[in-house]
Amino acid sequence: ERVVVRRSRGDGMDEAKLEEFLGTFMSDMGGTGTIAMVAVGNELGLYEAMDGQGGMTATDVAGATRCNARLVQEWLDQQASAGYIEFDSASGTYELPPEQGFALAQRQSPAFVAGGVLAFASMFMDLERLATAFRGDGGVPWGDHHPYLFRGVAEFFRPGYQSMLTTAWIPALDGMETTLRAGGRVADIGCGHGVSSVVMAQTYEASEIHGFDFHPPSIDTAREAAEIAGVSDRVHFQVAGADEYTGEFDLVCFFDCLHDMGDPVGIAAHTKGQLAEGGMVMLVEPFAHDDKVTNYQTVQARASYAASTFICTPNSLSQPVGRAMGAQAGEAGMRAVFEEAGYSHFRRAFETPTNIIYEARV
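Okay, so let's go over this structure. From a predicted model like this one, the values you see are computed outputs, not experimental measurements.

**What about the pattern of salt bridges?**
Then, in step 1: Tallying each qualifying case throughout the model produces 16 salt bridges.
Then, in step 2: The residue Glu 340 makes a salt bridge to Arg 323 at a minimum N-O spacing of 2.9 Å. Of this pair, Glu 340 sits in helix 15 (residues 330–340) while Arg 323 sits in the loop between helix 14 (301–317) and helix 15, and the two are 17 residues apart along the sequence.
Then, in step 3: Judged by relative accessible area, Arg 323 falls into the partly exposed class, the value being 33%.
Then, in step 4: The residue Glu 359 makes a salt bridge to Arg 347 at a minimum N-O spacing of 3.1 Å. Of the two residues, Glu 359 is situated in strand 9 (residues 355–361) and Arg 347 in strand 8 (residues 345–351); the sequence distance between them amounts to 12 residues.
Then, in step 5: Residue classification places Arg 347 among the partly exposed residues on the basis of a relative accessible area of 26%.
Then, in step 6: Shared partners join several salt bridges into a network, and the residues in it are Asp 174, Arg 347, Glu 359 and Arg 361.

**Some points on the nonpolar core**
Then, in step 1: In terms of nonpolar packing, the biggest core is built from 33 residues, with Trp 169, Ile 170, Met 200, Leu 251, Phe 255 and Met 282 touching the most fellow members.
Then, in step 2: Counting residues per element, the ones that place at least two in this core are helix 8 (147–169), helix 9 (176–182), helix 10 (195–203), helix 11 (216–229), strand 5 (235–239), strand 6 (249–255) and strand 7 (275–286).
Then, in step 3: No other element matches the 6 residues that helix 8 contributes to this core.

**A word on the packing of aromatic side chains**
Then, in step 1: Counted under the stated rule, the structure contains 15 aromatic pairs.
Then, in step 2: Seen in terms of ring centroids, Phe 87 and Tyr 94 are 4.8 Å apart; in terms of plane orientation they differ by 40°. Their pairing is tilted.
Then, in step 3: The class of Tyr 94 is buried, set by a relative accessible area of 4%.
Then, in step 4: Ring plane angle 45° and centroid distance 6.3 Å describe the contact between Tyr 245 and Phe 249, whose orientation is recorded as tilted. Of the two residues, Tyr 245 and Phe 249, neither departs from the other in class, the shared state being buried.
Then, in step 5: Through a chain of ring-to-ring contacts, three or more aromatic side chains come together here, namely Phe 156, Phe 157, Tyr 161, Trp 169 and Phe 255.

**Re a nonpolar patch on the surface**
Then, in step 1: On the surface, a cluster of nonpolar side chains totalling about 580 Å² of accessible area is made up of Leu 18, Phe 21, Leu 22, Phe 25, Met 26 and Met 29.
Then, in step 2: In this structure Leu 22 comes out as partly exposed when scored by relative accessible area, which is 38%.

**Some points on unusual backbone geometry**
Then, in step 1: Positive phi, close to 55°, is recorded for Arg 66, a residue that is not glycine.
Then, in step 2: Note that Arg 66 resides in the loop between helix 3 (58–65) and helix 4 (69–82).
Then, in step 3: Positive phi, normally seen in glycine, also occurs at Ala 324, with a value near 55°.
Then, in step 4: Along the chain, Ala 324 falls in the loop between helix 14 and helix 15.
Then, in step 5: Owing to a relative accessible area of 25%, Ala 324 belongs among the partly exposed residues under this scheme.

**Digging into the packing of helix 3 against helix 4**
Then, in step 1: It is at 8 Å that the axes of helix 3 and helix 4 come closest, and there the two elements cross at 120°. Relative to helix 4, the element helix 3 lies oblique. For helix 3 against helix 4, the interelement crossing comes out right-handed. For the pair helix 3 and helix 4, the contacting residues are Ala 58, Val 61 and Ala 62 in the first and Ala 69, Val 72, Gln 73 and Leu 76 in the second.
Then, in step 2: A per-class count over the contact of helix 3 with helix 4 returns 6 nonpolar, 1 polar and no charged.

Criteria and thresholds
Residues numbered from 1 in each chain as written. Predicted model: local features only at pLDDT ≥ 70, side-chain atom pairs only at ≥ 80, totals over all residues. Heavy atoms only, no water. Salt bridge = Lys/Arg side-chain N within 4 Å of Asp/Glu carboxyl O. Helix = DSSP H or I, 4+ residues; strand = E, 2+ residues; numbered from the N terminus. Buried < 20%, exposed > 50% of the residue type's maximum accessible area, 1.4 Å probe, protein only. Core = buried A, V, L, I, M, F, W, Y, C linked by side-chain atoms within 4.5 Å. Phe/Tyr/Trp six-rings, centres within 6.5 Å; stacked < 30°, edge-to-face > 60°. Patch = residues over 30% accessible without salt bridge, like charges linked within 9 Å, V, L, I, M, F, W, Y side chains within 5 Å. Areas by Shrake-Rupley, 256 points an atom, 1.4 Å probe, with all protein chains shown as cover. Axes fitted to C-alpha atoms, helices over the stretch in contact; angles between N-to-C directions. Parallel < 35°, antiparallel > 145°, perpendicular 65-115°, else oblique. Left-handed = near helix turned anticlockwise from the far one by under 90°. Contact = heavy atoms within 4.5 Å. Nonpolar A, V, L, I, M, F, W, Y, C, P; charged D, E, K, R; others polar.

Right under this line is the structure:
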């Protein structure tokens, strides 16, 4: 028989705070469902079918996407309840506003966010694996995650790389823009699906880009991406760990990955031996304040700490040393890595609301 324990009003519980928390929880639950529906809309092209088309019925959207009309109807109502699309009760039609279209339908938009939600879907797919890690040594290797993660991460970072990497981030590095325009050598460590490598190859046509990643399926995808983009003659991908790659490079890049690695200090030290004279490291990391309490107030903190718990920290703990910096290590944490590795120069070169770009030199 179930026993219900009722707390008295005088035992320290504030009922108003309880109600407020339950409201927050229900809102978060609704947000989780909405993100799942975004994944559906992105996968099936529902947003693209609605973009710029004005009011559409469920039948219109279903016909344009060859989807089941009844399920499309339910999806539209969920999206309308979330404020992602607008419903006109007089005509019974749904419309994707241009602002939402820019973020959800237009895949080359700098504000496109729909593709990255698969990374969060992977968290649910990997729930049992993470629970096992919590009860054990904490380690979950990157390659053990559901394939949704690899697609989602590539799509999550793609808009930033396409809009900012060669227009703001590299130009903020001391003299590097000139070097790459003239023809330099770049190493992209932890390149994943190769989005950043391809973007650099498309802009710096005289330079040679080398992408390295220890995950063979990602390297296969990166090579396909380079072929499709027509840059396979100047961007080359190789399966290699961050402490295994070799060469002589003017620029070595770590895009949102160094904090995931077990031994970032050892990797930074290995990188010193791969830098050409005058070469530098560009480190791109998630935006974070050094003070935790301040960090909690940022828009992205909840998502960043969640990703760090499911993905970044377990991957580091699965590797030798297991420094486990997490995705919110901040400037102090990253500076310490490069100082310990023997670098004499480390500065914040640029920042956005979601990333900080650092420059490091020996």
